[in-house]
Protein chains: 2
Amino acid sequence: MVIAIVAATILLGACSSQADDRPTMTGVLAASSDTDWRKPSPDFLLYMELPSGQIIMELAPDFAPNVIENIRLLTHSNYFSSSVILRSQENYVAQWGDPNDETGNAQPFGDAAEKIEAEFYRGSAGLNFVGLDSRDPYADEVGFVDGFPVGKDSDSGRSWLTHCYGMLGVARGTAPDSGNGSSLYVITGHAPRQLDRNVVLIGRVIQGMELLTTLPRGTGPLGFYENRDEQLPLNSLRFAKDLPESERVDIEILRTDTDTFSRLVESRRYRAEEWFVDPVGKIDLCNVPLPVRIAG
Amino acid sequence: MVIAIVAATILLGACSSQADDRPTMTGVLAASSDTDWRKPSPDFLLYMELPSGQIIMELAPDFAPNVIENIRLLTHSNYFSSSVILRSQENYVAQWGDPNDETGNAQPFGDAAEKIEAEFYRGSAGLNFVGLDSRDPYADEVGFVDGFPVGKDSDSGRSWLTHCYGMLGVARGTAPDSGNGSSLYVITGHAPRQLDRNVVLIGRVIQGMELLTTLPRGTGPLGFYENRDEQLPLNSLRFAKDLPESERVDIEILRTDTDTFSRLVESRRYRAEEWFVDPVGKIDLCNVPLPVRIAG
């Protein structure tokens, strides 16, 4: 048995040969045109520097404008300079914030608010929603808005970002308005969709996700680190807009309102690659890839 | 703002106070009786020792008896003594096997077969199936059989294990019968359910999952490690039955065919904890916890 060949084709049909005329993801992306890609606004890109490397996150101001603005104020008052990774819980989340928050040494908020009315959902009107044909366990309808996974309810007329792997959210206490953006989390496990509309999501990780998923798990309750020396410090957390051009990565994201994206979804719904015995024919929201590339 | 309290209640309602009379997971487990738990058979427990620690996996002979038997033969001929972690792909899988498989130094198979007819599914008759009321994106019906997540199709009369986080499967090449158990993988990301019925699942990790999820991601295609010195060696891979009693962990698993498990599912469907603004009322197959405890 030839494992290296096995290995190269195993578990990801995109790299194996094509069995019929349906497109594969590799083929769809190769055929994309430059207009299928967009450059995210530096106003809504967050760069987080850890000792282990850089994480880039795109924010979704259509869904949580107020808390995103509060985070901008926090970055401008240097709030995150004393922040650390507080927690890494297996199959769940990584979370960062000020470890001295409870003490007299808490980092000052500057012009930022300590309470923000929770932006758990918004009205569906005015969103650039592209539906996904999928039987979702949690939402009546699902799809994408400008690169973010979204749930939608016709009766209430509401839409919300969904807790897929890699989504970025605002930690909160029991009071819904206690999520002010001073402590953030990223989903590092199977989509915990029960959190949808219970916590405010504000965006997603588009680069460096592995720096969060490979963090040692904390041994305290909920994956909190029990000792200060286990807490990895944030070197910085800044908006791209506040960085010199030379420090910005020229990143591009596939538009979700394009024919190319529709074809991409279909290539992942029907698996044309020879490796697949059963071509599936189904897909779920959090399994749709949202491609990112470095320009040039 | 009081982050330590926030932190303790955040994102996991089970630890926060209860808002109504519905049960929480903590309460359901505290009220469980000893008969709600079972000791898995040492014939179907795999112990894998990595330099970083121990991983324990429970096997599901009801679904893949032949390849499980082949793995037993491989362990008896010491096949895995030269195996390493070959691959860690972000949001997908960790995989191990013989790095010399393609060379003249391939580990011999002993009495084990090199080809095994793929056990992608089986007939539903005779299974101890407990249904889950959930709108599943991939399967007509879903539920549990003796602690494993299962999909079911009434028309074909078939059932199969599903690719949830932590599930253990048999790597294969393009030929369906090439999955002989000499290379195995564990799901370390959002459930890739498109693999259901395309690869043979044989069980799940019940202890030590974090040792696999925190592995550095391989930098080669599909997360393969590009250099030999990145490949973590397996110190051993053995069935519990072949270990001295003193080296076995006295592990217990919550039975899924009990009222306690039904109550557990309901406690995760309707989130009674005060922290939840929206009690959800929905659940998906791969978000149902399958509790494990050390006896005594």
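Everything below is about the structure printed above this text.
In this report, we go over the structure that sits alongside the text. (Residues numbered from 1 in each chain as written. Chains lettered and ligands numbered in written order. Predicted model: local features only at pLDDT ≥ 70, side-chain atom pairs only at ≥ 80, totals over all residues. Heavy atoms only, no water.)

Turning to the overall build of chain A, a few remarks are in order. Looking only at helices and strands, chain A features 5 helices and 16 strands. Here the C-alpha radius of gyration of chain A, 20 Å, is about what a compact globule of 296 residues would show, namely 19 Å. Here the C-alpha coordinates of chain A stretch approximately 65 × 50 × 40 Å along the principal axes. Here chain A holds 296 residues, and the buried ones make up 60% of them. (Helix = DSSP H or I, 4+ residues; strand = E, 2+ residues; numbered from the N terminus. Rg over C-alpha atoms; globule rule 2.2 N^0.38 Å. Buried < 20%, exposed > 50% of the residue type's maximum accessible area, 1.4 Å probe, protein only.)

This brings us to helix H5 (residues 259–269) of chain A. Residues lying three or four places apart along an α-helix face the same way, a consequence of the helix completing one turn every 3.6 residues. Listed in full, the buried residues belonging to H5 of chain A are Thr260, Phe261, Leu264, Val265, Ser267, Arg268 and Arg269 of chain A. Residues of H5 of chain A that are buried make contact with helix H2 (25–30), strand E7 (129–132), strand E8 (141–145) and strand E15 (251–254) of chain A. (Contact = heavy atoms within 4.5 Å.)

With that settled, consider the side chain of serine 159 of chain A. Residue and element names in this part refer to chain A. Mapped onto the fold, serine 159 is located in strand E10 (residues 158–161). When its relative accessible area of 1% is taken as the criterion, serine 159 is described as buried. In this structure the side chain of serine 159 is engaged in a polar contact, spanning 2.7 Å, whose partner is the side chain of serine 124. Those residues in contact with serine 159 that sit more than four places away from it in its chain are Phe63, Tyr121, Arg122, Ser124, Leu127, Val150, Gly151 and Lys152. (Polar contact = N/O pair within 3.5 Å; in protein donor to acceptor, adjacent residues only side chain to side chain.)

This brings us to the relation of the copies chain A and chain B. Relative to chain B, chain A is turned by 180° and slid 0.0 Å along the rotation axis, the superposed coordinates differing by an RMSD of 0.0 Å. Put plainly, the chains are arranged around a two-fold axis. Here 100% of the contact residues of chain A are again contact residues in chain B; the copies associate through an equivalent surface. (Least-squares fit on C-alpha atoms with pLDDT ≥ 70 in both.)

Take the state of the cysteines next. Residues and elements named next belong to chain A. In total, this model carries 2 disulfides over all chains according to the counting rule given. At a sulfur-sulfur separation of 2.0 Å, the disulfide partner of cysteine 164 is cysteine 286. Because the torsion about its S-S bond is -75°, the bridge between cysteine 164 and cysteine 286 counts as left-handed. Of the two residues, cysteine 164 is situated in the loop between E10 and strand E11 (167–170) and cysteine 286 in the loop between H5 and strand E16 (292–294); the sequence distance between them amounts to 122 residues. Both residues of the pair, cysteine 164 and cysteine 286, count as buried. (Disulfide = S-S within 2.5 Å.)

What follows concerns the interface of chain A and chain B. Counting from both sides, the interface comprises 75 residues of chain A and, opposite them, 75 residues of chain B. Both sides of the chain A and chain B interface together cover about 6,500 Å² of buried area, and 58% of this is carbon and sulfur. Of the charged contacts, one joins aspartate 278 of chain B and arginine 197 of chain A as a salt bridge, the two residues approaching to 3.2 Å between their closest N and O atoms. Looking at the side of chain A that touches chain B, the elements with two or more residues in it are helix H1 (3–9), strand E4 (84–88), strand E5 (93–97) and helix H4 (209–213) of chain A. In terms of residue count, H1 of chain A provides more of the side of chain A that touches chain B than any other element does, 7 residues in total. For the side of chain A that touches chain B, the class distribution of residues is 38 nonpolar, 18 polar and 19 charged. (Buried area = accessible area lost by both parts, 1.4 Å probe. Salt bridge = Lys/Arg side-chain N within 4 Å of Asp/Glu carboxyl O. Nonpolar A, V, L, I, M, F, W, Y, C, P; charged D, E, K, R; others polar.)

Here we come to empty space enclosed by the protein. A full pass over the atoms with the stated rule returns 6 cavities of 30 Å³ or more. Within this model, the largest cavity holds a volume of roughly 130 Å³. Residue classes in the lining of the largest cavity are distributed as 9 nonpolar, 2 polar and 6 charged. Of the pockets and cavities examined, the second largest cavity occupies roughly 90 Å³. Along the walls of the second largest cavity sit Tyr138, Ala139, Trp160, Arg193, Gln194, Asp196 and Arg197 of chain A together with Asp278, Val280 and Lys282 of chain B, which together make up its complete lining. (1 Å grid on protein atoms, 1.4 Å probe; cavity = no way out; pocket = protein on both sides within 12 Å on 5 of 7 lines; lining within 4 Å. Points joined across faces, edges and corners; volume = space filled by probe spheres on them.)

Take the pattern of salt bridges next. Counted according to the given criterion, the structure contains 30 salt bridges over all chains. With its nearest N and O atoms 3.0 Å apart, the salt bridge here joins aspartate 250 of chain A to lysine 39 of chain A. Here aspartate 250 of chain A, found in the loop between strand E14 (236–239) and E15, pairs with lysine 39 of chain A, found in the loop between strand E1 (37–38) and strand E2 (45–50); they are 211 residues apart in sequence, far enough to count as distant. The exposure class of aspartate 250 of chain A is partly exposed, given its relative accessible area of 39%. Among the ionic pairs, glutamate 58 of chain B bridges to arginine 38 of chain B, the shortest N-O distance being 2.8 Å. Remark: arginine 38 of chain B occurs in strand E1 (residues 37–38) and glutamate 58 of chain B occurs in strand E3 (residues 53–59); sequence separation between them is 20 residues.

Residue and element names in this part refer to chain B. Counting buried positions along strand E2 (residues 45–50) gives 5 out of 6 residues, so the element sits mostly inside the fold. A loop of 2 residues connects E2 with E3, the two strands running antiparallel in sequence. Where E2 meets strand E14 (residues 236–239), 4 bridges bridge the pair, whose relative direction is antiparallel. Bridged to tyrosine 47 within E14 is arginine 238. (Pairing = 2+ DSSP bridges.)

Once that is clear, we can look at the sheet that holds E5 of chain A. Residues and elements named next belong to chain A. Pairing within the open sheet is antiparallel, and its 8 strands lie in the order E4-E5-E12-E11-E13-E3-E2-E14. Strand pairing shows two members of the sheet lacking a second neighbour, E4 and E14, which therefore form its edges. Across the sheet, the axes of successive neighbouring strands diverge by a mean angle of 30°, strand direction being ignored. Here 4 bridges tie E5 to strand E12 (residues 184–187), and the two strands are oriented antiparallel to one another. Note on E12: the bridge partner recorded for tryptophan 96 is leucine 184. In the packing of helix H3 (residues 65–76) onto the sheet, contacts are made with strand E3 (53–59), E11, E12, strand E13 (200–207) and E14, and the angle to E14 comes to roughly 125°. (Axes fitted to C-alpha atoms, helices over the stretch in contact; angles between N-to-C directions.)

In this section: the side chain of serine 134 of chain B. Structurally, serine 134 of chain B can be placed in the loop between strand E7 (129–132) and strand E8 (141–145). For serine 134 of chain B, a relative accessible area of 16% gives the class buried. Reaching out from serine 134 of chain B, the side chain makes a polar contact with the backbone oxygen of isoleucine 283 of chain B at a distance of 2.6 Å. Look past the residues within four positions of serine 134 of chain B in its chain and what remains in contact with it is Pro137 of chain A together with Val142, Ile283, Asp284 and Leu285 of chain B.

A positive phi angle is found at valine 280 of chain A, which is not glycine, with a value near 75°. Its location among the elements puts valine 280 of chain A in the loop between H5 and E16. On the basis of relative accessible area, valine 280 of chain A is assigned to the buried category, the value being 18%. The phi torsion at leucine 222 of chain B lies on the positive side, around 60°, for a residue other than glycine. Residue placement: leucine 222 of chain B occurs in the loop between helix H4 (209–213) and E14.

Everything listed here is a matter of geometry and, on its own, says nothing about what the molecule does.
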